[in-house]
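The chain contents come next:
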Amino acid sequence: MLQRSLPFPFTDVLLHSKLDNRPAHRILFCYADLPRHRDPVAAARRFTALVHLIPDDNMGARFLAPGGPDPIF
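Rules used in this analysis
- Residues numbered from 1 in each chain as written.
- Predicted model: local features only at pLDDT ≥ 70, side-chain atom pairs only at ≥ 80, totals over all residues.
- Heavy atoms only, no water.
- Helix = DSSP H or I, 4+ residues; strand = E, 2+ residues; numbered from the N terminus.
- Buried < 20%, exposed > 50% of the residue type's maximum accessible area, 1.4 Å probe, protein only.
- Contact = heavy atoms within 4.5 Å.
- Areas by Shrake-Rupley, 256 points an atom, 1.4 Å probe, with all protein chains shown as cover.
- Lys, Arg positive; Asp, Glu negative; His and termini not counted.
- Charge placed at Lys NZ, Arg CZ, Asp CG, Glu CD.
- Salt bridge = Lys/Arg side-chain N within 4 Å of Asp/Glu carboxyl O.
- 1 Å grid on protein atoms, 1.4 Å probe; cavity = no way out; pocket = protein on both sides within 12 Å on 5 of 7 lines; lining within 4 Å.
- Points joined across faces, edges and corners; volume = space filled by probe spheres on them.
- Nonpolar A, V, L, I, M, F, W, Y, C, P; charged D, E, K, R; others polar.
- Core = buried A, V, L, I, M, F, W, Y, C linked by side-chain atoms within 4.5 Å.
- Polar contact = N/O pair within 3.5 Å; in protein donor to acceptor, adjacent residues only side chain to side chain.

Undergrad: Any details on the overall build of the protein chain? Residues and values, ideally.
TA: Counting secondary structure elements, the protein chain contains three helices and zero strands. Each helix and strand of the protein chain, ordered N terminal to C terminal, gives the series α-α-α. With the C-alpha coordinates of the protein chain rotated into their principal frame, the extents come out at 30 × 25 × 20 Å. In the protein chain, which comprises 73 residues, the proportion classed as buried is 26%. At a minimum sequence separation of 6, the contacts of the protein chain that also span at least 24 residues come to 35%. Surface summary for the protein chain: the accessible area is close to 5,600 Å², and the carbon and sulfur share equals 59%. Seen as two clouds, the 9 positive and the 7 negative side-chain charges of the protein chain have centres 6 Å apart.

Undergrad: Can you lay out the pattern of salt bridges for me, pointing to particular residues and giving the numbers?
TA: Between side chains of opposite charge, pairing is possible as soon as their charged atoms come close. Under the defined criterion, the tally for this structure stands at one salt bridge. With a closest N to O distance of 2.5 Å, Arg36 and Asp33 form a salt bridge.

Undergrad: Residue-level account of empty space enclosed by the protein, with values.
TA: Applying the stated rule across the entire model yields one cavity of 30 Å³ or more. Tallied by class, the residues present in the lining of the largest cavity amount to four nonpolar, one polar and one charged.

Undergrad: Can you break down the side chain of His16 residue by residue, with the values?
TA: In this fold, His16 is placed in the loop between helix H1 (2-5) and helix H2 (22-33). Apart from the residues lying within four places of it in its own chain, the contact partners of His16 are Arg22, His25, Asp56 and Asn58.

Undergrad: Tell me about the nonpolar core, residues and numbers included.
TA: Counting residues in hydrophobic clusters, the biggest one holds 11 residues: Leu14, Ala24, Leu28, Phe29, Ala32, Ala43, Phe47, Leu50, Ile54, Ala61 and Ala65. The element that contributes the greatest number of residues to this core is H2, accounting for four residues. Those residues in contact with Ala32 that sit more than four places away from it in its chain are Ala43, Arg46, Phe47 and Leu50.

Undergrad: Before we move on, could you go through the side chain of Asn21 and cite the residues and values that matter?
TA: Its place among the elements puts Asn21 in the loop between H1 and H2. According to the relative accessible area criterion, Asn21 is buried, its value standing at 15%. At a separation of 3.0 Å, a polar atom in the side chain of Asn21 contacts the main-chain carbonyl oxygen of Leu15. Dropping the residues within four chain positions of it, Asn21 is found in contact with Leu14 and Leu15.

Next comes the structure, spelled out in structure tokens:
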């Protein structure tokens with residue numbers, strides 16, 4: 001449903017500051033996280049795409065994308 005709601009081709013960003021975009025951020029993050037243990041290469045590509053799509057990265061995808069910073073716990 002999310003893909004159908006965006007114009008094609010979608011070349012913009014989804015800002016976290018717009019409250020209407022936040023459910024989309026959660027959906028995309030969960031979609032990227034699903035194959036993380038079974039297929040880490042596919043998950044890495046999705047997390048990298050998330051970093052480009054959502055530049056604020058309020059969900060922390062940059063920590064799971066290849067070459068991203070190490071998480072600080």
